[in-house]
Structures are given as structure tokens and as C-alpha cells.
Amino acid sequence: MRLSFYLECSVPCGAGPFDPRQPHHLCECGMPLLVRYNLDAACKKGRSAMIMDERSMWRYSEVMPLLPGEAPVSLGEGWTPLVHAERLGRELGLTKLFVKDESLNPTNSFKARGLSAAVTRAMYLGAQVLSIPTAGNAGCAMAAYAAKAGLEAQVFMPRDVKTPFIRECELYGAKVTLVDGLITDAGRIAAETGGPLGWYDVSTLKEPYRIEGKKIMGYELAEQFGWRLPDWIIYPTGGGTGMVGMWKAFEEMSAMGWIDPVKRPHMVTVQAANCAPIVRAFDEGTEKARPWENATTIADGLRVPRAIGDFLVLRAVRESQGAAVAVADTDMVQGMRDLGRFEGINAAPEGGAAMHAVHVLREAGSIKQDDTVVVFNTGGMYKYIDVLG
Ligand SMILES: *Cc1c(COP(=O)(O)O)cnc(C)c1O
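Fair warning: this is a prediction, and the values are worked out from it, not measured in the lab. Sequence order as written defines residue numbering, which begins from 1 separately in each chain. Per-residue local features of the predicted model are confined to residues with pLDDT of at least 70, and side-chain atom pairs are confined, for both listing and counting, to 80 or more; whole-chain, interface and lining totals are unaffected and use all residues. Calculation of side-chain values draws on the structure's entire complement of heavy atoms; hydrogens and water are dropped beforehand.

J.: Would you mind showing me how to read the sheet that holds strand 12 (residues 372-377) here?
T.: To summarise the sheet geometry, strands pair through backbone hydrogen bonds and adopt either a parallel or an antiparallel arrangement. Strands were regarded as paired on the criterion that DSSP finds at least two bridges between them. Starting at the N terminus, helices and strands are each numbered in turn, a helix being any DSSP run of H or I of at least four residues and a strand any DSSP run of E of at least two. Read from one edge of the open sheet, 6 strands run 3-4-12-9-10-11, paired in mixed fashion. Strands at the two margins of the open sheet, each flanked by one partner only, are strand 3 (82-84) and strand 11 (323-327). Across the sheet, the mean angle separating the axes of adjacent strands is 25° when strand polarity is ignored. Here strand 10 (residues 266-272) runs beside strand 11; their pairing, made up of 5 bridges, is parallel. The residue of strand 11 that forms the bridge with Val 270 is Val 325. Here, two residues are considered to be in contact whenever any of their heavy atoms come within 4.5 Å of each other. Simply put, an axis is a line fit to the C-alpha atoms, just over the touching stretch for a helix, and the angle between two N-to-C directions goes from 0 to 180 degrees. Packing of helix 9 (residues 241-255) onto the sheet brings it into contact with strand 9 (232-236), strand 10 and strand 12, and relative to strand 10 it is tilted by some 170°.

What follows is the structure, encoded as C-alpha cells:
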């Protein structure tokens with residue numbers, strides 16, 4: 001028997017709970033909805049009985065939004081390697097530097113996790129046409145899972161996105177619309193176009209299930225470290241789904257007694273110097289972030305001037321006594337090169353940004369020599385190959 005789940009407002013504002021057998025996007029109050037499970041039943045079952053013999057993120061299908069008897073739309077996403085970066089660690093004076101290598105996911109980024117979960121639910125809800133505004137990778141992932149599920153994919157992305165993102169979406173049979181502006185403009189045009197046509201909107205955090213796929217990164221880290229969490233998680237943040245998702249995973253795991261209820265990692269949000277709304281809000285001490293003007297960066301996944309879940313990211317960073325670091329594009333490229341030449345890891349600029357943030361926090365004395373540090377390499381280098389030219 002699967003755990004029952006329902007949807008609840010992230011604030012919470014008092015509306016709901018909402019039935020997951022009906023389509024839901026934002027709460028009535030305009031805030032994101034989150035999935036909640038009956039975790040008491042899980043506690044009785046015990047941890048080992050709840051983990052499947054499955055080498056994908058669906059090994060934790062009991063804490064995923066799946067209805068009884070339902071099979072996920074899967075391409076083998078998740079359960080990615082956690083690499084001990086010994087040589088790079090030595091350079092930085094760190095004994096326990098690890099890289100969670102998300103470049104090995106289908107479509108070369110961790111967006112596969114969220115879209116596997118979202119497309120699984122969209123199928124159940126009877127969606128025919130899926131639509132997504134994206135900075136790049138989420139569109140590729142949605143297109144792939146839509147193809148797998150036999151659904152139509154409509155992808156809206158900035159006109160100046162790197163060509164491989166467009167070609168990959170088209171390879172999976174998606175219709176691509178290029179829009180003037182950034183992901184926020186793509187979101188507006190996708191909603192204006194698809195709303196009247198009844199397209200199912202898979203925008204991050206407006207759709208409540210992508211975060212469930214991304215939260216599994218937190219479960220995998222715990223299992224890969226023998227059910228102890230690291231001291232630091234360094235995460236390149238755009239929309240923030242991964243940060244919010246992992247923080248949710250830690251809450252769920254401690255509610256089920258899987259991990260120590262007190263010890264949590266310091267969550268570090270890493271953004272691009274020329275698009276750092278969450279870093280700025282962290283420094284200014286505000287609850288939400290002001291939109292960033294004229295956002296530019298080579299890290300397409302970080303080109304997010306405004307995120308609907310910004311307050312959830314900021315909450316996780318503050319509650320965890322974490323940090324917020326802005327990284328210049330040239331330093332991201334250096335981070336990519338370091339991951340490449342010391343560790344043989346194929347990193348996207350986003351992963352390079354997270355790598356550089358470790359330098360910054362090490363030099364500031366925040367990260368200590370024997371701390372366990374996990375850098376998220378959220379994607380691979382190929383789609384961004386020109387930045388290495
Ligand atoms: C989307 C993306 C990010 C940002 O992820 P969020 O969870 O939305 O903050 C980081 N890196 C890459 C490669 C991405 O595609």
C-alpha cells in the first residue's frame with residue numbers, strides 16, 4: 001500500500017487541503033502548493049522496507065506522488081554518483097569534498113528528476129498538451145518525458161538561449177517558441193498562449209510535483225552518506241526548486257526517523273553575479289526578493305530574475321545558517337575547468353559556480369578543513385560548449 005498524499009499551501013494560508021486526483025497549480029492565495037504524505041504510516045513500516053530495489057530516483061517511490069498501481073514515466077533519472085573529489089579537495093585544503101554529479105541524468109541535467117515526476121502526474125490527470133517556460137534545461141527534460149509519455153510538448157524559451165537547447169527540444173519532437181526576454185517573459189507568453197487552449201502548465205513551483213522529483217536529491221545524499229547528512233550543501237540556484245525540495249526531504253526524513261532530527265546541512269545558494277536576486281535579498285535581510293534588472297549570465301539555469309518560491313529558498317538558507325554567494329561568469333568557467341582537470345567531471349557553468357563558491361567560503365573561513373562539503377554539478381558541459389572557446 002502506498003502512502004496517501006494531498007496538496008497543501010506552502011504558506012500555509014488556510015485554504016485546502018487539495019485533492020491530487022484533480023489538477024492543481026498555485027493555491028487560491030497565489031502561492032505554491034506542496035505535497036504532504038501520511039508519514040506516520042511510513043514510520044511504522046521502517047526505512048529499509050520503504051526503499052525499492054531500483055537504481056533511479058523511484059527507489060523512494062513510497063515518498064513520491066504516485067497513486068496505487070501507478071507506474072512512473074521514467075528514463076532512469078536520479079541515483080546519480082556522489083564522487084569523492086580528493087584531488088580538488090587537496091587543492092582547497094578539504095578532506096571531504098564531494099560532487100553530486102547530476103550531469104549523468106537523462107537530458108544531461110537534474111531537471112530530468114522534476115519533469116519525470118511532473119509528467120507522471122500530468123499523464124494521470126489526462127493532460128494532452130504540456131507547456132513550459134524555461135531558461136533551457138527544463139524544456140529539454142519536459143520534451144523528453146512528454147515524448148516518452150506520448151504527449152505534445154510546447155516549450156517557451158528566451159530567443160538568445162544557446163542553440164543546443166533548442167535542437168534538443170526539437171529532437172524530442174517538441175514545438176519551440178522563442179520569446180524576447182527571459183524566462184519570466186516566456187512564462188507570461190506561455191500562459192497567454194496556452195491558457196485559452198487548456199494546455200497543462202509545468203512551470204516550476206506553479207506545478208506542485210516537480211519539486212517532489214528534485215527533493216529526492218536529499219534522500220539520495222542521506223543514503224549515500226550512510227544516513228548522515230553533510231555539513232554543507234552548495235547549490236546553484238535559479239528557481240530554487242532543488243533547495244526547497246532538499247529542505248523538504250530533510251523534514252520528511254526526520255519526521256520518519258530516518259535521520260537525526262536536529263543536524264541539518266548549511267544550505268548555500270549560489271547565483272550569478274549579474275543575476276543574483278536571492279543573494280541580494282539574503283544580504284538585505286528581506287523575506288522575498290526584488291526582481292533583478294538586466295539579468296545576464298552564461299549559466300542559463302541561473303538566468304532567473306524572479307522566482308515565485310524565493311521566500312522558501314531564503315527560509316531554508318536562513319534556518320540552516322547557510323550562506324548566499326554570487327559568482328562572476330569568468331569564475332564559473334574556472335570552476336568548470338577545475339572540476340574537469342582535477343576530477344574528470346563534465347560540469348555546466350552552474351556546477352562551476354557552485355565549485356567557485358567553495359573557494360569563497362573556504363577563504364572566508366566558513367568551511368573548515370574536515371567539514372563534509374557537497375557541490376552540486378547540476379548539469380553537463382555540452383550544451384554550453386561555446387563558453388569554453
Ligand atoms: C535549472 C538549473 C539550475 C537551477 O535549478 P533550480 O532548482 O531551479 O534552482 C541549476 N543548474 C542547471 C544546470 C539548471 O538547469
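J.: So what exactly am I meant to see when it comes to the side chain of Ser 109 here?
T.: With respect to the secondary-structure elements, Ser 109 resides in the loop between strand 4 (96-101) and helix 4 (111-124). In this scheme, a residue with accessible area under 20% of its type's maximum is buried, one over 50% is exposed, and one in between is partly exposed, where area comes from a 1.4 Å probe on protein chains only. We classify Ser 109 as buried; its relative accessible area is 0%. Counting of polar contacts relies on pairs of N or O atoms within 3.5 Å, with two restrictions inside protein: one atom must be capable of donating a hydrogen and the other of accepting it, and residues adjacent in sequence are counted only when both atoms are side-chain atoms. At a separation of 3.0 Å, a polar atom in the side chain of Ser 109 contacts the main-chain amide nitrogen of Lys 111.

J.: Teacher, can you tell me more about the sheet that holds strand 8 (residues 200-201) here?
T.: One open sheet accounts for 4 strands, arranged 7-6-5-8; its pairing is parallel. Looking at the sheet topology across the chains shown, the edges are occupied by strand 7 (175-179) and strand 8. Against the sheet, helix 7 (residues 183-194) touches strand 5 (129-133), strand 6 (152-158) and strand 7, its axis set at about 140° to strand 6.

J.: I would appreciate a short explanation of the layout of surface pockets in the present structure.
T.: A probe matching the size of a water molecule, rolled over the atoms, marks out where space remains unfilled. By volume, the largest pocket is sized at about 600 Å³. Only protein atoms enter the calculation, which uses a 1 Å grid: trapped sets of points that fit a 1.4 Å probe without letting it out are cavities, open sets showing protein on both sides within 12 Å along at least five of seven lines are pockets, and any residue with an atom within 4 Å of a point is a lining residue. Lining the largest pocket we find 37 residues, and of these Ile 183, Thr 204, Gly 239, Val 304 and Arg 306 sit closest to its centre. Elements with a contribution of two residues or more to the lining of the largest pocket: helix 5 (137-149), helix 7, helix 8 (210-224), strand 9 and helix 9. If you tally residues by element for the lining of the largest pocket, the top one is helix 7, at 3 residues. Residues are grouped as follows: Ala, Val, Leu, Ile, Met, Phe, Trp, Tyr, Cys and Pro are nonpolar; Asp, Glu, Lys and Arg are charged; every other residue, Gly included, is polar. Classifying every residue of the lining of the largest pocket by side-chain character gives 14 nonpolar, 17 polar and 6 charged. Looking at the lining of the largest pocket, you find at least three residues from each of domain 2 (82-109 + 209-388) and domain 3 (111-201). The computed volume of the second largest pocket comes to approximately 220 Å³. Lining the second largest pocket are 15 residues, with Leu 34, Trp 247, Glu 251, Leu 312 and Arg 315 sitting closest to its centre. Contributing elements (two or more residues each) for the lining of the second largest pocket: strand 1 (5-9), strand 2 (33-37), helix 9 and helix 11 (310-319). When grouped by side-chain class, the residues that make up the lining of the second largest pocket number 8 nonpolar, 1 polar and 6 charged. Grid points are joined across faces, edges and corners, and a volume is the space filled by probe spheres set on the points. The domain boundaries here were taken from an automatic or database domain assignment.

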